[in-house]
Amino acid sequence: MSKKSIVLFIIMFIFFQHSFSYGNQSLNTFQINVNDVPVVNNEKDSNLSDGAITAIVLGSTFAGLGILSGIGYYFYKNLKNLTCGLVCGQKCPYQTIDCKAFLEILASKKKYTYLMKASEKSVVNSDYYYLIIPDTEIKQKTFNTVFFELPKNNDENINFRIIQASKPYEINKKLPTLDSDIFLDPQNNNVKKVPTYTKELDSKDGYLIKSGTIQNRQSNIATITTQNLSDENAQTYAVIVEFWY
C-alpha cells in the first residue's frame, strides 16, 4: 500500500470514529470518551517517519475543525519520537469545578488510587477551581491530551499548580520521563506551552508538582498534556490542577 493510501485510510478511519463518538461525550470528567489516534508503521523505502505521518493525519483530519492540529504540530516539531496516545474532550472540553464539587468527587471516587494519591498534596480552598484527570494509562513514547475550559474567560492572569501522581518514574538527564504541562491556543500552530517551575520532583514516590501563571490567552480552551518519555515502561497517573486568581 502506498504512503498516500495509508494516510488517506487513517484520515477516513478517524473521521468516522469521531463522527460517531462526539454525541456520546459528556461534561462529566469520568465519562468522557477516549479516542485512540492510530499510528502507522513505515514502509522501509519511505522517507516519512511515523511522527510525520501522525502529524499529516492530525493536520488533515483536525485542522479545519480546529481541534488537535496545534498540539500534534507542537510535538512533531519538538518531540518527534513521541506519538499521540489518548485524546479527551475535543468536542466537550473538561470543566473546572469549585471546591465543594472537588471534595464531593474525591469522596465518591476513592477507588482511583493515583487520584487519591494526588489529592494528598492538594489544597482545599474555597477560592480555588480544580481540574481532575482520574487514573489514566499512558504507553511508552506517547503523549495524552485533555482539552478543558479555563475557570473564567476574562483578562486576569490565572495562577495554577499541577499535581501529578503516578507509579515511580525515571529521571533522564535530570528531567522526569513522566511530565505534564498546560498549553494555550491548542487549536492552531501557535500553540504555547505555559512556563512552569518545579516545586516537588520525587520520582521514587511518583510525585511531580509544578506551578505557573497563565497570561495573555487568546482562547478560554486549553489543554493539559502528559508525556511518557520512557523507552520501555507504560505508566498509570492522575492529575489535579488547582487554579486561582
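Quick note: structure is the one above.
Described below are features of the structure shown in this document. (Residues numbered from 1 in each chain as written. Predicted model: local features only at pLDDT ≥ 70, side-chain atom pairs only at ≥ 80, totals over all residues. Heavy atoms only, no water.)

1. What to know about the environment of Ile-133
Residue position: Ile-133 is located in strand S3 (residues 129–138). For Ile-133, a relative accessible area of 5% corresponds to the buried category. Residues Ile-133 and Val-241 lie 108 residues apart in sequence; the distance between their C-alpha atoms is 8.5 Å. When sequence neighbours within four positions are dropped, the list of residues in contact with Ile-133 reads Tyr-94, Val-146, Ile-224, Ala-238 and Val-239. (Helix = DSSP H or I, 4+ residues; strand = E, 2+ residues; numbered from the N terminus. Buried < 20%, exposed > 50% of the residue type's maximum accessible area, 1.4 Å probe, protein only. Contact = heavy atoms within 4.5 Å.)

2. Quick notes on the pattern of salt bridges
For the structure on display, the rule yields six salt bridges. The shortest N-O distance in the salt bridge between Arg-161 and Glu-242 comes to 2.9 Å. Of this pair, Arg-161 sits in strand S5 (residues 158–166) while Glu-242 sits in strand S13 (residues 235–244), and the two are 81 residues apart along the sequence. Residues Arg-161 and Glu-242 agree in their burial class; the two are buried. When salt bridges that share partners are traced, they join Asp-179, Asp-181 and Lys-210 into one network. (Salt bridge = Lys/Arg side-chain N within 4 Å of Asp/Glu carboxyl O.)

3. Describing the pairing of S13
Within S13, nine of the 10 residues are buried, which leaves it mostly tucked inside the rest of the structure. In the sheet, S3 pairs with S13 via eight bridges, with the strands oriented antiparallel. Pairing of Ile-133 across the sheet is with Val-239, part of S13. Bridging between S5 and S13 involves eight bridges; their strand directions are antiparallel. Residue pairing across strands places Phe-160 opposite Phe-243, the latter belonging to S13. (Pairing = 2+ DSSP bridges.)

4. Topic: the pairing of strand S11 (residues 207–214)
Burial analysis of S11 places seven of its eight residues in the buried class, the great majority of the element. Relative to S11, S5 runs antiparallel, the two sharing eight bridges. Bridge pairing in S11 links Ile-162 to Lys-210. One ladder, built from six bridges, connects strand S10 (residues 196–202) with S11; its direction is antiparallel. Paired with Tyr-197 across the two strands is Ser-211, which belongs to S11. From the end of S10 to the start of S11, which pair antiparallel, there are four residues, and Gly-206 there has a positive phi angle of about 75 degrees.

5. Things to note about the nonpolar core
Phe-148, Ile-182, Ile-214, Ile-224, Val-241 and Phe-243 are the most contacted members of the largest nonpolar core, which totals 24 residues. Put simply, the parts of the chain that give this core at least two residues each are S3, strand S4 (142–149), S5, strand S8 (178–184), S11, strand S12 (221–228) and S13. With four residues, the top contributor of residues to this core is S13. Leave out the neighbours within four places in its chain, and Ile-224 touches Leu-131, Ile-133, Asn-144, Thr-145, Val-146, Phe-148, Ile-162, Ser-180, Asp-181, Ile-182, Val-239 and Val-241. Among the nonpolar cores identified, the runner-up in size contains 19 residues, and Ile-97, Tyr-112, Tyr-128 and Tyr-130 belong to it. (Core = buried A, V, L, I, M, F, W, Y, C linked by side-chain atoms within 4.5 Å.)

These values are about where atoms sit, not about what they do.
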